[in-house]
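Per-entry structural report
For reference, the chains in residue letters:
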Amino acid sequence: MEPVARLPATMLLPRPVHRETLRSGWSSGHAMPLGALLCGSLPWMCSKEPRAARAGRFARLKFNERIRAVQKYTHGEMSEEFDTGVSTGYKSLDEYFRPVRGEVITLSGQPGSGKSEFVLSMALNIAERKAWKIGLCLFEHKADQLFLQLLEKRKRMNFNDLDSLSMEDQSWLTQHFQSVTDFSEEMDLDQILERAERLAEDGNLQMLIIDPYNYIAQPPGLGKEILETHLVSTYMTKLQQFAKKYKVCVLVVVHPTKQSQIAGGDPSLYDMQGSANW
């Protein structure tokens, strides 16, 4: 009897293989080698290319992609969205800060210093200049108030001075700004990113704004079994993975700790709520 081909112990079959199946197609009555059966029906499971060779080939592909990216950069062919960053709309600020797609940005400041106003103004400037689509996760804003804020910034005037709301303005705002969640919903980071992924996969997300961090639903046991330092480290890992995978600029607003607010002065990274892991 012809020996049956041996298969790796880790290979999984999609369904049980019966004796009748093994014998079908062999007029001599000898059992069909299991390897021949699989290679005939599932060729992707019987590649003759060694596993190490396949891994090396995939590694070379990734390396070649990086080489092409470097070549685009050196020849000036890479978009500023992924390289030097886009303008914030404020010339005095662009010298020090320009948002880049694929990166995570954390913003902090004393309460009442205008963090949310600045973030919305910058996002609207970028949407006007680069047609970015912005996902908003603003826990401290009601939907109607948020729309009025964006409309005022879009028209560069107070809402009370507006004669009427044109359909063009309404269409532009709804096209470039989409709500991922608002203050009425309690969501953890995984739920927020799951919603954001749907927008990103459809090409409708270039920037995600989370404001503020401390409104994200925290896991049970925080402060006892789970340290906030470790939680923030996990959050940053997930945010960075999301940003790089979908080429989205993620901006997170983080309030300073109460101790730093009492002390006064400008907060540093070590004063941000959730530890310096930000």
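Please read these numbers as outputs of a predicted model, since none were measured by experiment.

What counts, and where the lines are drawn
- Residues numbered from 1 in each chain as written.
- Predicted model: local features only at pLDDT ≥ 70, side-chain atom pairs only at ≥ 80, totals over all residues.
- Heavy atoms only, no water.
- Helix = DSSP H or I, 4+ residues; strand = E, 2+ residues; numbered from the N terminus.
- Pairing = 2+ DSSP bridges.
- Axes fitted to C-alpha atoms, helices over the stretch in contact; angles between N-to-C directions.
- Expected span 1.5 Å × (residues − 1).
- Buried < 20%, exposed > 50% of the residue type's maximum accessible area, 1.4 Å probe, protein only.
- Arc of directions from axis to C-beta.
- Contact = heavy atoms within 4.5 Å.

The next subject is unusual backbone geometry. Omega for the bond connecting Asp-211 with Pro-212 falls within 30 degrees of zero, at -10°, which places this linkage in the cis form. Checked against the element boundaries, Pro-212 lands in the loop between strand E4 (207-211) and helix H9 (228-246). In this model, Arg-156 sits at a positive phi of 60°, which is unusual for a non-glycine residue. By the secondary structure assignment, Arg-156 is in the loop between helix H6 (143-155) and helix H7 (167-176). In this structure, Lys-247 is a non-glycine residue whose phi angle is positive, near 55°. Within the secondary structure layout, Lys-247 lies in the loop between H9 and strand E5 (249-253).

This brings us to the sheet that holds E5. Read across the open sheet, the five strands follow the order E1-E5-E4-E2-E3; overall the sheet is parallel. Both edges of this open sheet fall to strand E1 (104-107) and strand E3 (177-182), since each of them pairs with a single strand only. Strand after strand, the sheet turns through a mean of 15° between neighbouring axes, direction not considered. The pairing of strand E2 (residues 134-138) with E4 spans five bridges and is classified as parallel. Across the sheet, Gly-135 pairs through a bridge with Leu-208, a residue of E4.

Turning our attention to H9. The end-to-end C-alpha distance of H9 is 27 Å, a good match for the 27 Å that 19 residues give at a rise of 1.5 Å each. Looking only at H9, the buried set comprises Leu-231, Val-232, Tyr-235, Met-236, Leu-239, Phe-242, Ala-243 and Tyr-246. An end-on view of H9 places all buried positions within 135° of arc, on one side of the element. Facing away from the buried side of H9 by over 90 degrees, the exposed positions are His-230, Gln-241, Lys-244 and Lys-245. Here the buried face of H9 lies against E1, helix H8 (189-201), E4 and E5.

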